[in-house]
Amino acid sequence: MQRISSFLGALVFLLSFMGGLKAEQPNFPPVMPNPNFSFPSDHGAHPEFRTEWWYVTGTVETDDQRKLGFQVTFFRSRMPTNQNNESAFAPKQIIFAHAALSDPKLGKLLHDQRSARAGFGIAEARVGQAAVTIKDWVFNTGPTNSFTAKIASKDFSLDLTFTPSQPVLLQGKNGYSQKGPSPEDASFYYSIPQLITVGKITQNGVALNVKGKAWFDHEWSSNYLNTEAVGWDWTGLNFENGSVLMAFRMRRSDGTALWAGGTFRQADGTATPLGPEDISFQTLESWTSPRTGAIYPVKQRLKINLPEGAKEFELTPAFPDQELDGRASALPVYWEGVVTTKDGGGYLELTGYVDPLKM
């Protein structure tokens, strides 16, 4: 039954985005400049928008000094159906989730995924607070302004708490993050970097105490991808001195940058927004997936321009094979992995290298 349920949810998602679901076309609200965020309520869902995600990536160390990386992601997608339909079976919102464990000793990514129609006590993205669930997979608000994630899969489980050590970082212009040449190509976007992370990671039946740092992203949008864009490269980096960096580029099919953006926040809290002219990614090493044939630029040199001068960061993967195949939950194949750089590290995300993204 679970496989049938997952297949039906995936089919609804695919049909809607490919235009096969002949239903009322909703008026998704546009993302407009000068948003007015309110926390903690904006940690919750914004169901009127087309797409939304809650994204936590981090690096931790075990008691025996093993270094691991993890990813917990929940996606919400509003379906192009009548949202006023009173039927409980109307597929108004679909919830997806991905979880992954990066263990350099294994040399490959362990991952799992789920998808379900919102409702029936199975899946929910709650409004007004961080509370996203698919059955027993949960990301929600914890005590004292923290967040918690609980994920159980056949290969690993995560039971982690994330406590902010820094204020919310509004990306772009006060949380309005442009993603393409048109102002409508945008998301509402904020991050909470330098999250103090503690908890347990279970692998092969052994529970390991872990501690480290994480990065939380929350975005929602109605028009994330410009028609010229096939995917993006993104990184979120925590540095040992407390500074942080988010940078992305939206790519055309020929690999050139259609758009770019980001934010560098110094340890004293001074934040510098970065525009397309301030960011460049240069491939240093590529890796070819033996499963999909995709060629990913897994080692990159990231250059940013700041008022005080340019900075360069060499992003080196913990290991090459950090490809996540999300097709079982009707999401794409992408590369999401631990990278290190001088005096810091975090995650690098590479999308649209197998097939152009459709959102």
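Residues numbered from 1 in each chain as written. Predicted model: local features only at pLDDT ≥ 70, side-chain atom pairs only at ≥ 80, totals over all residues. Heavy atoms only, no water.

**Describing the confidence of the model for the protein chain**
Residues at a pLDDT of 70 or more form 90% of the protein chain, whose mean pLDDT is 91. A low-confidence stretch, residues 1–23 stays under pLDDT 50, and its non-local contacts, those more than four residues away or across chains, total 25 contacts. (pLDDT = per-residue confidence, 0-100. Contact = heavy atoms within 4.5 Å.)

**Some points on the packing of aromatic side chains**
Tallied over the entire structure, the rule returns 22 aromatic pairs. With 6.0 Å between their ring centres and 80 degrees between their planes, Phe37 and Tyr190 make a pair best called edge-to-face. Here Tyr190 lies in strand S12 (residues 186–203) and Phe37 lies in the loop between helix H1 (2–18) and strand S1 (51–62), a separation of 153 residues in the sequence. Its relative accessible area of 16% is what places Phe37 among the buried residues. (Phe/Tyr/Trp six-rings, centres within 6.5 Å; stacked < 30°, edge-to-face > 60°. Helix = DSSP H or I, 4+ residues; strand = E, 2+ residues; numbered from the N terminus. Buried < 20%, exposed > 50% of the residue type's maximum accessible area, 1.4 Å probe, protein only.)

**Thoughts on the side chain of Ser177**
Positionally, Ser177 belongs in strand S11 (residues 176–178). Among the polar contacts made by the side chain of Ser177, one reaches the side chain of Lys179 at a distance of 2.7 Å. Look past the residues within four positions of Ser177 in its chain and what remains in contact with it is Gln171, Gly172, Asp185, Ala186, Ser187, Tyr189 and Phe248. (Polar contact = N/O pair within 3.5 Å; in protein donor to acceptor, adjacent residues only side chain to side chain.)

**Considering the nonpolar core**
In this structure, Phe74, Phe139, Phe162 and Phe216 are the most contacted members of the largest nonpolar core, which totals 43 residues. Among the elements that line this core, the one with the most residues is S12, at six residues. Counting 28 residues, the second-largest nonpolar core is a separate cluster that includes Leu109, Met246, Leu324 and Leu331. (Core = buried A, V, L, I, M, F, W, Y, C linked by side-chain atoms within 4.5 Å.)

**Describing the pattern of salt bridges**
The final tally for this structure, using the stated rule, is 15 salt bridges. Measuring nitrogen to oxygen at the nearest pair gives 3.8 Å for the salt bridge that ties Glu285 to Lys299. Residue Glu285 is found in strand S18 (residues 279–288), and its partner Lys299 is found in strand S19 (residues 295–306); the two are separated by 14 residues along the sequence. Judged by its relative accessible area of 16%, Lys299 is buried. For the salt bridge of Arg291 with Glu323, the shortest nitrogen-to-oxygen distance reads 3.2 Å. Placement of the pair is Arg291 in the loop between S18 and S19 and Glu323 in strand S21 (residues 323–325), with a sequence separation of 32 residues. Where salt bridges share partners, they join Glu285, Lys299, Arg301, Glu312 and Glu314 into one cluster. (Salt bridge = Lys/Arg side-chain N within 4 Å of Asp/Glu carboxyl O.)

**Remarks on the environment of Arg265**
Within the secondary structure, Arg265 is located in strand S16 (residues 257–265). Residue Arg265 is classed as buried on the basis of its relative accessible area, which comes to 6%. For the pair Arg265 and Met246, spaced 19 residues apart in the sequence, the C-alpha separation amounts to 8.9 Å.

**Structural notes on the pairing of strand S13 (residues 206–223)**
Sheet analysis places S1 next to S13, joined by 12 bridges and oriented antiparallel. The residue of S13 that forms the bridge with Gly58 is Ala214. Relative to S13, S12 runs antiparallel, the two being bridged by 15 bridges. Its bridge partner being in S13, Lys200 is matched across the sheet by Asn209. In this antiparallel pair of consecutive strands, S12 and S13, the connection spans two residues, and Asn204 shows a positive phi of 55 degrees. (Pairing = 2+ DSSP bridges.)

**Observations concerning unusual backbone geometry**
The general pattern is negative phi for most residues beyond glycine and trans for most peptide bonds. Look at the link from Phe39 to Pro40: it is a cis peptide, with omega at 15 degrees. Positionally, Pro40 belongs in the loop between H1 and S1. One non-glycine residue, Thr144, lies in the positive phi region at around 50 degrees. Despite not being glycine, Asn204 shows a phi value in the positive range, around 55 degrees. Along the chain, Asn204 falls in the loop between S12 and S13. Residue classification places Asn204 among the exposed positions, given a relative accessible area of 71%.

**Topic: the side chain of Asp278**
Note on placement: Asp278 falls in the loop between strand S17 (271–274) and S18. The buried charged residue Asp278 lacks any salt bridge, with Lys303 as its nearest oppositely charged partner at 10 Å. There is a polar contact of 2.9 Å between the side chain of Asp278 and the backbone nitrogen of Gly275. Setting aside anything within four residues of it in sequence, one finds Asp278 in contact with Pro273, Lys303, Ile304 and Asn305. (Lys, Arg positive; Asp, Glu negative; His and termini not counted.)

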